[in-house]
Amino acid sequence: MNIDLYFTPLQIQDELSLQNKTVIVVDVLRASTTIATALKNGARVIIPTASVENAVKYASTLEPDSFLLCGERGGKIIDGFHLGNSPLEYTEEKVKGKTLIYASTNGSVAITKTKYAKHSIIAGFVNISEVVNFVKGNSDDVLILCSGKLNRFCIEDAVCGGMIAFLLTKGKSRKRFNLSDSVNAGIKLYKSYGKNLLKMLRESEHGKFLIELGFEDDLKIASEVDSIPILPVYSDGVIKALR
Ligand code: MLT
């Protein structure tokens, strides 16, 4: 099995090249965490969009009470939207049975870039074992795609990506896998920063930004390994919980 890791979605040069791959999209702060929370709390489907304009356009095709417009710009709720991007907003009361149209700055954009992938799965620390167990069950080449921050490296996605690679190869000889340099680097980052995930999130650029905005609790939620055992799969334009 080949395993590769992209630190930003900019590294995808040809979306069609993902056709035979299982892609794991990672956006720890906060898209992956929020998507897992929303599905756990009964959201029917989540429709990720690459822009706010696309989200609004899509919403205009749906029955008014059937959907919620969700997402953020600069970490804050978008004007006229129903929900921002804190997982704490995605309660059962608000999201159960709803279609969520979801536009975030990095995560939803990265997800839409994987539309041609054989499988596209969304992962954070909160659902990491679900994702790893699913991927272990097939022999496709794997691409771990970090959403990054505005097309730049971010530590929390790299550490989570490294943890995924570590768990995928754990207990087996690494020689059985064809691991890219970035995967090996990601595993090293995980071994170093993974000892205290909350500390790593607090010290990350985006973590500090979210704390300034008053979203400190979101970091704690995002740091809790396997707290939301959901497998979000993106297929035919929508994200659903496979289990
Ligand atoms: C994103 O997709 O850029 C993030 O989830 C941003 C955020 O923390 O809201």
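Since the model is a prediction, treat every value here as computed from it, not as a measurement.

Asker: Sorry if this is basic, but what is going on with helix H9 (residues 205-213) here?
Answerer: Three- or four-residue spacings in an α-helix give side chains the same orientation, since the helix completes a turn every 3.6 residues. Looking only at H9, the buried set comprises His206, Gly207 and Leu210. Taken end-on, H9 shows its buried residues confined to a sector of 105 degrees, consistent with a single buried face. Buried residues along H9 sit in contact with helix H6 (155-169), helix H8 (197-203) and helix H10 (216-223). One or two positions beyond H9, positive phi appears at Gly214, with a value near 95 degrees.

Asker: Quick question: what am I supposed to make of the packing of aromatic side chains here?
Answerer: Remark: the centre distance and the inter-plane angle together describe each pair of aromatic rings, the angle taken between the planes. This model, assessed by the stated rule, comprises 2 aromatic pairs. Their ring planes at 45 degrees and their centres at 5.4 Å tell us that Phe166 and Tyr190 sit as a pair that is tilted. Taken as a pair, Phe166 in helix H6 and Tyr190 in helix H7 (residues 181-193) lie far apart in primary sequence, 24 residues in all. Phe166 gets classed as buried once you look at its relative accessible area, which sits at 18%. Exposure remark for Tyr190: the relative accessible area of 16% places this residue in the buried category. One cation-aromatic arrangement involves Arg30 over Phe215; the distance from NZ or CZ to the ring centre is 4.4 Å. In this structure, Lys149 is placed above the aromatic ring of Phe209, and the distance from its NZ or CZ to the ring centre is 4.6 Å.

Asker: Help me out: how do you make sense of the side chain of Asn127 in this one?
Answerer: Position of Asn127 relative to the elements: it lies in the loop between strand S7 (119-123) and helix H5 (128-136). At 3.0 Å, the side chain of Asn127 forms a polar contact with the backbone oxygen of Ile122.

Asker: Is there a simple way to think about the side chain of Thr99 in this case?
Answerer: Turning to its location among the elements, Thr99 is positioned in strand S6 (residues 99-103). Polar contacts involving the side chain of Thr99 include one to the side chain of Arg44, which spans 3.0 Å. Beyond its immediate stretch of four places on either side in the chain, Thr99 contacts Arg44, Val45, Ile47, Leu62, Ser66, Phe67 and Leu68.

Parameters and conventions
- Residues numbered from 1 in each chain as written.
- Predicted model: local features only at pLDDT ≥ 70, side-chain atom pairs only at ≥ 80, totals over all residues.
- Heavy atoms only, no water.
- Buried < 20%, exposed > 50% of the residue type's maximum accessible area, 1.4 Å probe, protein only.
- Helix = DSSP H or I, 4+ residues; strand = E, 2+ residues; numbered from the N terminus.
- Arc of directions from axis to C-beta.
- Contact = heavy atoms within 4.5 Å.
- Phe/Tyr/Trp six-rings, centres within 6.5 Å; stacked < 30°, edge-to-face > 60°.
- Lys NZ or Arg CZ within 6 Å of the ring centre and 35° of its normal.
- Polar contact = N/O pair within 3.5 Å; in protein donor to acceptor, adjacent residues only side chain to side chain.

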